[in-house]
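# What the coordinates show
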Amino acid sequence: MSDHRKLGRELGLFDTDPLIGAGLPYWLPDGATVRHTLEEYIRDAERRAGYRHVYSPVLGKRELYELSGHWSHYSDDMFPPMELGAEQVVLRPSLCPHHAVIYRSRGHSYRELPLRMAELGGMYRSELSGVLGGLTRVRAIQLNDAHIFCTLDQVADEAGAALEMIRRAYEALGMTPARYRLSLPGPGGKYVAAPEMWRRSTALLTDVLDGSGLPYEAVEGEAAFYGPKIDVQVADGAGRESTLSTVQVDFHQPEQFDLHYIGPDGARHRPVMVHRSIIGSVERAVAHLIEEHGGAFPAWLAPTQLVVLPISEAELPHAEALVRRCVDLGLRAELAGPERGSLGARIREARLVPYQAVVGAREAGDDRVALRLRDGRRLDPLPVGEALSRINALVKAHSNELWAPRPSPSGD
């Protein structure tokens, strides 16, 4: 694996500036493309899984976090309050209090549950300068977050479904978890004092992991202050682990915010809150992807998916038309003409681009294209329409394959 801080800057994905501040990276166009594509993948996966998306503000009154428990258990990691007249407001360290408030803003029936609420939202952590690094530890975080409000009987199915979403996302992204961890409370006072709540939530997550067949280990001292969690760990090239994805069971905040739904008996009942994040923070996910793939992202995620390489000036009109056809299909394509050097030099410059379309006189005349794949394969010239259709199908499927055999006419 490569160091994402070095490679990310070399590839023009992100950078930092002391005038903006430590732990506050900015995204350059290619990095912004990767981030946007990743976010859209997650939003689409969530929509398909029955999640509804919301937006909530990155600020909240201090009282909000006092009620949620963040102020008493997590304030060391929060930025200081800002005075606004007689009120104090805080940059949020988490999205869950906002989602609890959104849930309680309307009445709910048991028929609506599970209610799955998702947001790709900003949050802020007051990290010390000594632990900041590239995209892995930052102060401004874009979190892929969701909260499922459900009955006790629905918790296991919802947590299991979240684990399956994580598995599918890792497959599409070409990532392999280092391990699964059941994160439990440890000694000390940073946890909510509710022994029975901890017993119930730990038993639920243990059953989910046992039922999934996934190998895992239980580790004390890594739980959230309000409940245990399943952490999906990833490792960098040096073997350093970090948490990317999580599934958590929370009895605490529904109690704190007095959340309820009307059951089939007409009485008020308390929902359970399942927290889940498929890719965790976008920053940490992209950092891991840069290192995992060395900048050679899966084709669907690559900043430039296809580069068109006319051999000479004579093929420029055809090459420009080919780029336009790609863009019309939704593919990210660019032209690398002879003014950028010899064909060999342009091919080397585009070594991380999944598809290189070489256009010579024969291809221009026949409306065909000779594709070179990033892995070194060279394909026989194909009709442009067929080549782009097959690339587009792989991209739309979020495949990690660069090429697939042509389907047989019989469908076998």
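Note: the structure precedes this text.
Parameters and conventions
- Residues numbered from 1 in each chain as written.
- Predicted model: local features only at pLDDT ≥ 70, side-chain atom pairs only at ≥ 80, totals over all residues.
- Heavy atoms only, no water.
- Buried < 20%, exposed > 50% of the residue type's maximum accessible area, 1.4 Å probe, protein only.
- Helix = DSSP H or I, 4+ residues; strand = E, 2+ residues; numbered from the N terminus.
- Pairing = 2+ DSSP bridges.
- Right-handed = clockwise from strand over helix to strand, strands pointing away.
- Core = buried A, V, L, I, M, F, W, Y, C linked by side-chain atoms within 4.5 Å.
- Domains from an automatic or database assignment.
- Contact = heavy atoms within 4.5 Å.
- Axes fitted to C-alpha atoms, helices over the stretch in contact; angles between N-to-C directions.

## Side note on the pairing of strand β16 (residues 306-310)
- Of all 5 residues in β16, 5 are buried; the element is thus mostly enclosed.
- The side-chain alternation of β16 yields two buried faces, one formed by Leu-306, Val-308 and Pro-310 and the other by Val-307 and Leu-309.
- As paired strands, β16 and strand β17 (residues 333-335) are joined by 3 bridges and run parallel to one another. Its bridge partner being in β17, Val-307 is matched across the sheet by Glu-334.
- Handedness of the β-α-β unit built from β16, helix α10 (residues 316-329) and β17 comes out right-handed.
- Two strands pair when backbone bridges link them, and β16 and strand β18 (residues 355-359) are joined in this way by 5 bridges, in the parallel orientation. Bridge pairing in β18 links Pro-310 to Val-359.

## Considerations on the nonpolar core
- If you look at the biggest cluster of nonpolar residues, it comprises 87 residues, and the most contacted ones within it are Leu-38, Leu-306, Leu-322, Tyr-355 and Leu-371.
- Ranked by residue count, the leading element in this core is helix α6 (residues 155-173), at 10 residues.
- Composition of this core by domain shows at least three residues from each of domain 1 (4-293) and domain 2 (306-397).
- Those residues in contact with Leu-322 that lie beyond four places of it in its chain are Val-308, Ala-357, Val-359, Val-369, Val-384 and Leu-388.
- Membership of the second largest hydrophobic core comes to 16 residues, among which are Cys-96, Leu-115, Phe-257 and Tyr-261.

## A look at the sheet that holds strand β6 (residues 87-91)
- With antiparallel pairing, 3 strands are arranged side by side in an open sheet as β4-β6-β5. The sheet terminates laterally at β4 (59-61) and β5 (82-84), the two strands that pair on one side only. The mean inter-strand angle of the sheet, taken between neighbouring strand axes irrespective of direction, is 40°.
- When β4 meets β6, the two strands line up antiparallel, connected through 3 bridges. Looking at the pairing, Lys-61 lines up with Val-89 of β6.

## Overview of the side chain of Gln-253
- In this structure, Gln-253 sits in helix α8 (residues 252-256).
- According to the relative accessible area criterion, Gln-253 is buried, its value standing at 0%.
- Apart from the residues lying within four places of it in its own chain, the contact partners of Gln-253 are Ser-68, His-70, Cys-96, Pro-97, Tyr-226, Met-273 and His-275.

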